[in-house]
Amino acid sequence: MTVQPGAGAPEYGAVALPEIAVEWPQGLAPTLRDSVVEAQSLEGAGLVDALPGLWPVVDAALDLTGPGSLVAESVRHDAYEGWQVAALPRYDLDGKVRPRERRDTPQHGAPQLRDRRALVRALVGAVAERPCLDLRDALQMLDVFAGTFPLGLDAVCRRLLGHELRQGVAAGLAPLHEALGRRAPEGVSALCFRESAVGSRKAKGDPATDNEDTAGAWTGPSGIMRCAVFDGVTGDGDGSGGIAARAALDQVLRRWRLEEESRRPSAAEATEGRFGGGAGLAGRESSEWRSAPVAGSTEEWPRADEAGSAAEGREGWSRAGEPRTAGGRPFGGAGSARESSEWRPGPAAEGREEWPRADDAESAREGSEWHPSPVAESREEWPRAGGSVSAGADDPDEWPSGGGPGASGWPHSGGAESAAREDAQWSAGAGPALVAGRPGPGGEPGGGGGEVPLGPGELIAELDAAVGRATGVGSAAAVLATVHPDGTASVVSVGDAEAWLIRPLRPSAAENPYAAWKLTPAHTGFAERLRVTADAEGEESQLVSFLGGGAARWAHRTFRVAPGDLLLLASDGATEAERDRWFGSVLADLTAQLDVSGRPTAPALAAALVQRAEALGGWDNATALVCAMGEAQDR
């Protein structure tokens, strides 16, 4: 083989580099990033759903040109023609395409690492705010912005890099894509399990303040499961972070109960038979008001027909005089003279709407009304009509029964002498029960269609205000999730608390039968730097958005769950990274190990994550709340 130098070229050089001109026999579609960002022929949010159409084209290109022929710009898309892969064959010194070698798998060979990296760079660069510089840059953006990228993109890219793909890309990623698209046609039910521990290096010998994390879960009669993890943040370790986290949890518990109560029908709707075909409230009298099972927690809101009532379960709930049906007793004790009453949520503090108590004919105080308790900030007294305290009294000593704002068991109208109403109390907790209540269409608050559930931004603002009232120093990161019985779910987060979804693969992959993907981004100084440059360094733990300091950034995403899923909410201490190992792989491996151990997978996973955090150094408190999704249950 003779190779002639070009005209004008020097006669000799230690390194000889050719100049190769490439001509494409057909037109090229826009690069994937141009297709998403400029041409908009492909929506970034739908990228993962469209990828099963790309992988056969990638396999075909590698079959023709051999492995090692892809670069990031090879992945292209056209709105009319679809996917295109512009492969760059390997050339010999004579300028001809090098024939495939015997070691190259003749059909659907595993792509080389160069091909895998090129695909990852192309996918991340298509949805990121800026072009992707290299593989390290792509992986950092996947970890930090996973909650804003298309759902499951991090799992796809990690599988591209870490899976053997012996039968080609399409076959290797098929189980993951099936899992990403799985739905629950019959609905789901959920149970939650919590584990929390103080990091040994963070403990200061005060059990009351050492662990600044808190978590809770609650499922109401509607079957909607709500859960949250709050990670307290404090500078001097004075416990103010714990105060912030507990204030946020108290506030969201009140919000959950209010939203659940708003789903109950009004008297008019019950009479018209709009709920239960004329059965009225009879079908709801035996509904349970209780928190979802949480490991290590004895907190429980009792059923409506139980004689006893935990004090926590009555916060923010007043009684309204709608007729009761057989078999039901409200939250009040067995001796309550108001057995015909039901519990309704207290008023929104800012709006101060009156939610009067309409007394029935048997009332000991016929014709009296119940008005909201005083608002903590204004100290305005809203007494019962006809009561002994004058409206507008601003002297706290004149408030009935004392206690004042913030006192547990803030007195109901009528004073302590009204034994008939002893169990109908307004509980102010740590402040106003609600901050941003919005009466919705369909009637008065608490009735059918009453309180409209807050949007994610409004919920974050409400929790931010609650933390601000509780402490002027502490703050908290937060992640909250909602799972509906039909399998629809959502998560909202602020700070660096995380949510992950773990799902079994079908058919079960030989190397790992589970996959995991992240649902939330990070709101840190490092994330803000990474938005604009690949050279971002440091500030991984410095929060730029959090409860108690103005939640400038928050993230919200909707998704679907299916039976067999595990939904993880965790503080950053429980998701501590390992060097050169993605946390999603940690979750998948731990779940697979626990699955074959015979132990209950969900509570065992929560415990394992907390133990792992301590094994990695115990630098931070660790809290993991794992929700196991099962088949739908008849309610």
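Each value, and the rule that gives it
Residues numbered from 1 in each chain as written. Predicted model: local features only at pLDDT ≥ 70, side-chain atom pairs only at ≥ 80, totals over all residues. Heavy atoms only, no water. Helix = DSSP H or I, 4+ residues; strand = E, 2+ residues; numbered from the N terminus. Buried < 20%, exposed > 50% of the residue type's maximum accessible area, 1.4 Å probe, protein only. Contact = heavy atoms within 4.5 Å. Areas by Shrake-Rupley, 256 points an atom, 1.4 Å probe, with all protein chains shown as cover. Polar contact = N/O pair within 3.5 Å; in protein donor to acceptor, adjacent residues only side chain to side chain. Expected span 1.5 Å × (residues − 1). Pairing = 2+ DSSP bridges. Axes fitted to C-alpha atoms, helices over the stretch in contact; angles between N-to-C directions. Phe/Tyr/Trp six-rings, centres within 6.5 Å; stacked < 30°, edge-to-face > 60°. Lys NZ or Arg CZ within 6 Å of the ring centre and 35° of its normal. Patch = residues over 30% accessible without salt bridge, like charges linked within 9 Å, V, L, I, M, F, W, Y side chains within 5 Å. Salt bridge = Lys/Arg side-chain N within 4 Å of Asp/Glu carboxyl O. Parallel < 35°, antiparallel > 145°, perpendicular 65-115°, else oblique. Left-handed = near helix turned anticlockwise from the far one by under 90°. Nonpolar A, V, L, I, M, F, W, Y, C, P; charged D, E, K, R; others polar.

The next point concerns the overall build of the protein chain. Counting its regular elements, the protein chain contains 13 helices and 14 strands. In the protein chain, which comprises 635 residues, the share counted as buried stands at 53%. Considering only intrachain contacts with a sequence separation of at least 6, the fraction spanning at least 24 residues in the protein chain is 67%. If you sum the accessible surface of the protein chain, you get close to 28300 Å²; carbon and sulfur atoms cover 50% of it.

Once that is clear, we can look at the side chain of Ser 490. By secondary structure assignment, the location of Ser 490 is in strand β9 (residues 488-494). You can call Ser 490 buried: its relative accessible area is 19%. The residues touching Ser 490, leaving out its near neighbours within four places in the chain, are Leu 480, Ala 481, Thr 482, His 556, Arg 557, Thr 558 and Phe 559.

Moving on to helix α5 (residues 135-145). Counting buried positions over the eleven residues of α5 gives nine, a clear majority of the element. Three or more residues of α5 are buried, namely Leu 135, Asp 137, Ala 138, Leu 139, Gln 140, Met 141, Leu 142, Val 144 and Phe 145. Check the buried side of α5 and you find it contacts α4 (113-127), α6 (153-162) and α11 (525-530). The distance from a side-chain oxygen at the start of α5 to the backbone nitrogen of Arg 136 is 3.3 Å, and the residue carrying that oxygen is Asp 134.

Taking 1.5 Å per residue, twelve residues should reach 16 Å; helix α7 (residues 169-180) reaches 16 Å between its end C-alpha atoms and fits that length. On its buried face, α7 sits against α2 (47-50), α3 (55-65), α6, β10 (498-504) and β11 (514-518).

Turning to the sheet that holds strand β5 (residues 225-233), a few remarks are in order. Strand order in the open sheet formed by five strands is β4-β5-β8-β9-β12, with antiparallel pairing between adjacent strands. Only two strands of the sheet have a single neighbouring strand rather than two, namely β4 (213-219) and β12 (555-560). For this sheet the average axis-to-axis angle between neighbouring strands, irrespective of direction, equals 10°. Both β5 and strand β8 (residues 475-483) contribute to a ladder of nine bridges, which runs antiparallel. Residue Ala 228 lies in a different strand from β8, and its bridge partner there is Leu 480. Packed onto the sheet, helix α8 (residues 240-261) meets β4, β5 and β8 and runs at close to 165° relative to β5. Of the strands in this sheet, β5, β8, β9 and β12 touch helix α10 (residues 456-470), which is tilted by about 45° from β9.

Right, let's get into the packing of aromatic side chains. Enumeration over the complete set of coordinates arrives at three aromatic pairs. Measuring from centroid to centroid gives 5.3 Å for Trp 500 and Phe 583, while their planes differ by 70°, and the two rings are edge-to-face. Highlighted residues: Trp 500 in strand β10 and Phe 583 in helix α12 (residues 583-595), separated in sequence by 83 residues. Members of the aromatic cluster, connected to one another through ring pairs, are Trp 500, Trp 582 and Phe 583. In this structure, Arg 201 packs its charged tip against the face of Trp 619, placed 4.2 Å from the ring centre.

Taking strand neighbours across the sheet as the criterion, the five strands line up as β3-β14-β13-β10-β11 in an open arrangement whose pairing is antiparallel. For this open sheet the edge positions go to β3 (188-197) and β11, each flanked by a neighbour on one side alone. For this sheet the average axis-to-axis angle between neighbouring strands, irrespective of direction, equals 20°. Contacts from α12 reach β10, β11 and β13 (566-570), with the element oriented near 145° to β11. Against the sheet, helix α13 (residues 601-615) makes contact with β3, β10, β13 and β14 (622-631), and its axis sits at roughly 160° relative to β14, the strand it touches most.

Moving on, we get to a nonpolar patch on the surface. Together, Ile 20, Val 22, Trp 24, Leu 28, Leu 88, Tyr 91 and Val 97 make up an exposed nonpolar region whose accessible area comes to about 580 Å². As for its position among the elements, Val 22 is in the segment before α1 (32-37).

Interhelical geometry of α4 versus α6 gives an angle of 165° and a closest axis separation of 9 Å. In this view, α4 runs roughly antiparallel relative to α6, as classed from their interaxial angle. Where α4 crosses over α6, the handedness of that crossing is left-handed. In this structure, α4 contributes Arg 116, Arg 117, Leu 119, Val 120, Leu 123, Val 124 and Val 127 to the contact, and α6 contributes Leu 153, Val 156, Cys 157, Leu 160 and Leu 161. Classifying every residue of the contact of α4 with α6 gives ten nonpolar, no polar and two charged.

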